[in-house]
Amino acid sequence: MLQIIPQSVDKLWNQWDVRVMVLNSLCLQIVLILLGSRRKFSTQSWVRILTWMAYLSADWFATVALGMISTFQGDYQQNSPTPNSAQGSSSNPNSPAIMAFWAPFLLVHLGGPDTITAYSLEDNELWLRHLLGLLVQVSAALYIFLRSWTTSSLPLALLAIPMFVVGIIKYGERTWALWSASSERLRISLPPIIAALTPFKNENHESSGHVRLNYAAAIRKATHIQEGHALFKLFRHFYTDQIIEQKDVQLSNTIIQDHSFGDVFKLIEIEIGFMYDVLHTKAIVVHSLTGVMFRAISLVCYISTFTLFCFIIDKKIYSTIDVDLTYFLCAGAIALEIYAIFIQVSTDWALYWLSKQEQPLAYTIYQAISSFRSNLSLEKRWSESMGQFNVIEFCFKLKPPKCTGIPRFLAIYKMYSKHQHTVLEGVPIKMKQLIFEQLQEAKLVVDNADQNSKFQVRSQVLTWRGEHAVEKSGCTDKYIKHCAANEVPFETSIALWHVATDICFCNDVDKNQKASDPNSKSKVGKLLSDYMMYILAICPFMLPPGIGQILFRQICESATTFFDERRETISKTERLVGKSASQMLYEMKSELNPWLDEFESGDGGKLNNVVLLERCVLAHKLQALETEESWTNEDKWGMISRVWIEMLCYAASQCGWTEHGQQLRRGGELLTHVCLLMANLGIGGQSKILSEQDMDRIQDLKNLCEKF
């Protein structure tokens, strides 16, 4: 009979299979606990890929290891093992007993680390499957444990009982956390609209009509943590796409009204950080009285088990390899638990709890943890970066990826190409300032409206995506106004303004190097342009339903054809310069005039037809504002940046919370922060905000219910 696997390899595997699986299970737990928390602020692909592989493999390794131990026991008890069975894994008759001692450690591994319970939001919806897994795996481990209960192995069997307790606790915590973060449970756990009419019992209503929060804490530096947590509690309905009450919006405005734009964005970071922990970690379980008790019990069980194994168990009757692996499992469990406690103590949840205590000791601990977090850069709550995708450079293929054959057939080539041309840029302070100021202006428009028309005005503000910015800037050019009109499909507007912005930016940088300054409006406009194209090309699910991917392919085909026809005229030196492609587009003015004449006469120029010329015409029109309309460069880029901010806010308000939540595990998106900022300001469109008439009807319903 032909034997594909050599007998020596087969024998070696049979000798080490259980040990390799148990050791791999522990290593995967180390990877998960180290990288699980990094997903919150890391956009690096290797972090996501390694975490994904470890998350999917961890349960499999632990489950298979339990099955192997059970098979190992059966072969020994039958005393008639086959040549290829687990009997060959050890000649020591006590191996089944010490391997049975490993079973509760595998239960602990199935419970997973505190830093990651769900890789994606869909995992939370599978909590019932994990509950079934809890029952099955605990039963399997208990079966292994009872089969090893003999007179000779009694001390080791008794020592496994505390570890069984920890294993059940860990696995139960994971199931509890998944259940708590499921969409149905989140909705049920929120207070009903009637009960939520008075969300804070300790709030005072001042004569000015504002709401003032009473913070009992004496730690002034904890104000941001407290306010961020307050906003998180206020907008829990927002995270489940439910109604946001007018009173919550009023309280939110009170919290952020006296803050600078930098502080407001910091509050949003804290607020989103709390939500990430609820959706993807065990925070909702760990940071509770029950969770603290479980941590204390687990640590005591770990240390006591390790101590008793070191000093009471007769280790001479077991093989040296098995004893060393048991030491490694115990020491690894203790180290992981201590590290998990260290991580949880350093979180915003712990600082929030400390900030509420009116004791000097709490102040000292808070200061120590804050200083420690600052020194180790543990205060980062999201990536603080934004993806950048330039469709002109992508089509010009400055760095064409080498990927052919089968991968190209499997559509991996196109995905790889897009990610190869995606870069990350930090979010500049100037951009945050412009976004906040523009949203404040929009809020002022809503607040100044009559009470009867306030909600209609807010709905109108949410439709702004360029047209209002052009009008406010005083631009009278017919073509520019036409390109910014709401009648143009949103994806078309992004592509149209993206190409035009890139051409204008490259042209201005040639004339003035200050145009690329991070705090200039031209740089802000360029970054927002590439970011919105990144959303269109890489994350189209975050945009309103439309033809985004079809449009992207059409633009790429048109641009690629254009560049291929002229590639021979480009020198090698120019090809190495990233802006040569934009220069080529800008210099094709002779080809633009016929098309522009058709638009002026009304015979052509339909923006729904994806033609590269349309984008170039807009670029020339924007540049002409300086030469023909006597605009300054600052005025021109002020209008362009306002257009992009309106598009950014429109996309943020139209994106559902599920799509926003999915991006939290990838380091977060600026789009999510803008969406939540709009909601906190009371101008968000993600959820309906109840009118005063709605609130009156709910109050009447509450009074009616109280009568019965």
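Right, let's walk through the structure included here. Computed from a prediction, not measured in an experiment: that's the story for all the values here.

Here is what the cut-offs are and how they apply
- Residues numbered from 1 in each chain as written.
- Predicted model: local features only at pLDDT ≥ 70, side-chain atom pairs only at ≥ 80, totals over all residues.
- Heavy atoms only, no water.
- Helix = DSSP H or I, 4+ residues; strand = E, 2+ residues; numbered from the N terminus.
- Buried < 20%, exposed > 50% of the residue type's maximum accessible area, 1.4 Å probe, protein only.
- Contact = heavy atoms within 4.5 Å.
- Core = buried A, V, L, I, M, F, W, Y, C linked by side-chain atoms within 4.5 Å.
- Axes fitted to C-alpha atoms, helices over the stretch in contact; angles between N-to-C directions.
- Parallel < 35°, antiparallel > 145°, perpendicular 65-115°, else oblique.
- Left-handed = near helix turned anticlockwise from the far one by under 90°.
- Nonpolar A, V, L, I, M, F, W, Y, C, P; charged D, E, K, R; others polar.
- Phe/Tyr/Trp six-rings, centres within 6.5 Å; stacked < 30°, edge-to-face > 60°.
- Lys NZ or Arg CZ within 6 Å of the ring centre and 35° of its normal.
- 1 Å grid on protein atoms, 1.4 Å probe; cavity = no way out; pocket = protein on both sides within 12 Å on 5 of 7 lines; lining within 4 Å.
- Points joined across faces, edges and corners; volume = space filled by probe spheres on them.

1. Details of the overall build of the protein
Here is step 1 of the chain: Of the regular secondary structure elements, the protein holds 33 helices and 4 strands.
Here is step 2 of the chain: The burial tally for the protein puts 54% of its 708 residues in the buried class.
Here is step 3 of the chain: Partitioning the intrachain contacts of the protein with sequence separation of at least 6 by distance along the chain shows that 79% fall at a separation of at least 24.

2. Side note on the nonpolar core
Here is step 1 of the chain: Val391, Trp497 and Leu622 are the most contacted members of the largest nonpolar core, which totals 128 residues.
Here is step 2 of the chain: Here the element with the most residues in this core is helix H30 (residues 633-654); it accounts for 12 residues.
Here is step 3 of the chain: Leaving out residues up to four positions away in the same chain, Leu622 has contacts with Ile480, Trp497, Ala500, Cys504, Lys636, Met639 and Ile640.
Here is step 4 of the chain: If you look at the next biggest cluster of nonpolar residues, it comprises 57 residues, including Met68, Trp102, Ile116 and Ala141.

3. Overview of the packing of helix H12 (residues 289-311) against helix H13 (residues 320-345)
Here is step 1 of the chain: One way to put it is that H12 packs onto H13 with a least axis distance of 10 Å and a crossing angle of 155°. Taken together, the axes of H12 and H13 are roughly antiparallel relative to one another. Note on packing geometry: the crossing formed by H12 with H13 is left-handed. Facing Arg295, Ser298, Leu299, Tyr302, Ile303, Phe306, Phe309 and Cys310 of H12, the residues of H13 in contact are Val323, Thr326, Tyr327, Cys330, Ala331, Ala333, Ile334, Glu337, Ile338 and Ile341.
Here is step 2 of the chain: When grouped by side-chain class, the residues that make up the contact of H12 with H13 number 14 nonpolar, 2 polar and 2 charged.

4. Concerning the packing of helix H6 (residues 154-181) against H12
Here is step 1 of the chain: The geometry of H6 relative to H12 is characterised by a closest axis approach of 10 Å and an angle of 150° between their N-to-C directions. Taken together, the axes of H6 and H12 are roughly antiparallel relative to one another. For the crossing formed where H6 meets H12, the hand is left-handed. Here Leu156, Leu159, Pro162, Met163, Val165, Val166, Ile169, Lys170, Glu173 and Trp176 of H6 lie close against H12, whose contacting residues are Thr290, Phe294, Arg295, Ile297, Ser298, Cys301, Tyr302, Thr305, Leu308 and Phe309.
Here is step 2 of the chain: Class assignment for the residues of the contact of H6 with H12 results in 14 nonpolar, 3 polar and 3 charged.

5. Some points on the packing of aromatic side chains
Here is step 1 of the chain: Counted according to the given criterion, the structure contains 20 aromatic pairs.
Here is step 2 of the chain: On the basis of an interplanar angle of 65° and a centroid distance of 5.1 Å, the ring pair of Phe145 and Phe164 is categorised as edge-to-face. Residue Phe145 is located in helix H5 (residues 127-147), and its partner Phe164 is located in helix H6; the two are separated by 19 residues in the primary sequence. For the pair Phe145 and Phe164, one class covers both residues: buried.
Here is step 3 of the chain: Taken together, a centroid distance of 6.2 Å and an interplanar angle of 80° make the contact between Phe306 and Tyr327 edge-to-face. Placement of the pair is Phe306 in helix H12 and Tyr327 in helix H13, with a sequence separation of 21 residues.
Here is step 4 of the chain: Taking the relative accessible area as the measure of exposure, Phe306 reaches 24% and is therefore partly exposed.
Here is step 5 of the chain: Among the residues examined, Tyr327 registers a relative accessible area of 26% and is labelled partly exposed.
Here is step 6 of the chain: In textbook terms, an aromatic cluster arises when at least three aromatic residues are bridged by ring pairs, as seen for Phe101, Phe105, Phe306, Phe309 and Tyr327.
Here is step 7 of the chain: Above the face of the Trp16 ring, Arg19 is positioned so that its terminal group lies 5.7 Å from the ring centre.
Here is step 8 of the chain: For Arg465, the ring lying beneath its charged end belongs to Tyr650, and the centroid distance is 5.6 Å.

6. Notes on the side chain of Asp277
Here is step 1 of the chain: Residue placement: Asp277 occurs in helix H10 (residues 261-280).
Here is step 2 of the chain: Apart from the residues lying within four places of it in its own chain, the contact partners of Asp277 are Lys40, Ala283 and Trp349.

7. Focus on unusual backbone geometry
Here is step 1 of the chain: The phi torsion at Glu384 lies on the positive side, around 55°, for a residue other than glycine.
Here is step 2 of the chain: Residue position: Glu384 is located in the loop between helix H15 (360-375) and strand E3 (385-389).
Here is step 3 of the chain: Phi is positive for Ser630, close to 60°, though the residue is something other than glycine.
Here is step 4 of the chain: Locating Ser630 in the fold gives a position in the loop between helix H29 (612-627) and H30.
Here is step 5 of the chain: For Ser630, a relative accessible area of 66% puts it in the exposed group.

8. Focus: empty space enclosed by the protein
Here is step 1 of the chain: A full pass over the atoms with the stated rule returns 6 cavities of 30 Å³ or more.
Here is step 2 of the chain: In this structure, the largest cavity occupies an estimated 200 Å³ of space.
Here is step 3 of the chain: As for the largest cavity, its lining consists of 16 residues, of which Val108, Gly112, Tyr302, Leu336 and Glu337 are closest to the centre.
Here is step 4 of the chain: Counting only elements with at least two residues in the lining of the largest cavity, the list comes to helix H1 (7-35), helix H3 (95-111) and H13.
Here is step 5 of the chain: With 5 residues, H13 is the single largest residue contributor to the lining of the largest cavity.

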